[in-house]
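Notes for the structure review
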Amino acid sequence: RMSDAGFTLAGEGHAIIPVMLGDARLASLMAEKMLARGIYVIGFSYPVVPKDKARIRVQLSAAHSTEQVNYAVDSFIEVGRELNVI
């Protein structure tokens, strides 16, 4: 659903899913807004990742319920729209 909403995702096939944003400030702001919704994600930017490759790291677990995953995706979509990411 996140790709369909317009997010660029990397890292297919494993539990760590980078949501690619490019801008370091945007990644930090989006992570803050997600935390305010109870979703703990981390924004990464240079020098941890290459310049202009800022991202939010999302880690899924088998312990997450379908409802939790859906809430997280819905929140990403809402915050992404609010910040004009998507």
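Residues numbered from 1 in each chain as written. Predicted model: local features only at pLDDT ≥ 70, side-chain atom pairs only at ≥ 80, totals over all residues. Heavy atoms only, no water.

**What to know about the pattern of salt bridges**
Enumeration according to the criterion identifies three salt bridges in this entry. Note that glutamate 82 is salt-bridged to lysine 33, the shortest N-O span being 2.8 Å. One end of the pair, glutamate 82, is in helix H3 (residues 66-82); the other, lysine 33, is in helix H2 (residues 24-36), with 49 residues separating them in the sequence. On the accessibility criterion, glutamate 82 (47% relative accessible area) is partly exposed. (Salt bridge = Lys/Arg side-chain N within 4 Å of Asp/Glu carboxyl O. Helix = DSSP H or I, 4+ residues; strand = E, 2+ residues; numbered from the N terminus. Buried < 20%, exposed > 50% of the residue type's maximum accessible area, 1.4 Å probe, protein only.)

**Examining the side chain of arginine 55**
Mapped onto the elements of the fold, arginine 55 is located in strand E4 (residues 54-59). Buried arginine 55, no salt bridge; nearest opposite-charge side chain is aspartate 52, N-O distance 11 Å. (Lys, Arg positive; Asp, Glu negative; His and termini not counted.)

**Brief notes about H2**
In this model H2 runs 19 Å from its N-terminal to its C-terminal C-alpha over 13 residues, within 8% of the 18 Å that 1.5 Å per residue would give. Taken residue by residue, H2 has Leu26, Ala27, Met30, Ala31 and Met34 as its buried positions. Down the axis, H2 shows its buried residues gathered within 130 degrees of arc, on one side only. Exposed positions of H2 whose direction lies more than 90 degrees from the buried face are Arg25, Glu32 and Ala36. Contacts from the buried residues of H2 go to strand E2 (16-22), strand E3 (42-44), E4 and H3. Just downstream of H2, glycine 38 is the residue with a positive phi angle, here 85 degrees. (Expected span 1.5 Å × (residues − 1). Arc of directions from axis to C-beta. Contact = heavy atoms within 4.5 Å.)

Keep in mind that these numbers describe shape and distance, not what the molecule does.
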